[in-house]
Amino acid sequence: MSESTQTTAVRDVGVDLQETEDNRAVMEAIEADNPDCSVKHFPGLVRISSPGRLTINRESVEQRLGREWETHEFQLAIVSYFGHIKEWDDDQIIIAWDH
């Protein structure tokens, strides 16, 4: 009997964000902190997706925005997301699949 190998595809996770001036800093921070992400522009929104995991870091957003940024402000930017919110605290938001 031969052994079978099972490969598990890594599913993308991601967010759709409203395309606004303030959100550009959020998008730039996400791109910088997630080197494997892909970015697609649509009229009025931007979709950022990444294989398996997407991280939004407060410090990265603040550096680009030039002011303090609280992670709850992400709710104002987001149109939708795909994946599970694994962590959402004062410093970081992580979107990933449970399995």
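Let us look at the structure shown here. (Residues numbered from 1 in each chain as written. Predicted model: local features only at pLDDT ≥ 70, side-chain atom pairs only at ≥ 80, totals over all residues. Heavy atoms only, no water.)

Within soluble globular proteins, side chains that are nonpolar tend to cluster in buried spots. V15, L17, I30, I48, L54, I56 and F74 are the most contacted members of the largest nonpolar core, which has 21 residues in total. For this core, the secondary structure elements donating two or more residues are β1 (12-18), α1 (21-33), β3 (45-51), β4 (53-57), α2 (58-65), α3 (74-77) and β7 (92-96). Tallying contributions element by element places α1 first for this core, with five residues. (Core = buried A, V, L, I, M, F, W, Y, C linked by side-chain atoms within 4.5 Å. Buried < 20%, exposed > 50% of the residue type's maximum accessible area, 1.4 Å probe, protein only. Helix = DSSP H or I, 4+ residues; strand = E, 2+ residues; numbered from the N terminus.)

In this section: the sheet that holds strand β5 (residues 78-82). Backbone-to-backbone hydrogen bonds join strands into a sheet, with any given pair of strands oriented parallel or antiparallel. Strand order in this open sheet of four strands is β2-β3-β1-β5, and the pairing throughout is antiparallel. On the outer flanks of this sheet lie β2 (38-42) and β5, each paired with one strand and no other. Neighbour-to-neighbour, the strand axes of this sheet turn through a mean angle of 15°, independent of strand direction. Here five bridges tie β2 to β3, and the two strands are oriented antiparallel to one another. Bridge pairing links S38 to S49 in β3. (Pairing = 2+ DSSP bridges. Axes fitted to C-alpha atoms, helices over the stretch in contact; angles between N-to-C directions.)

Taken by themselves, the reported measurements are silent on function.
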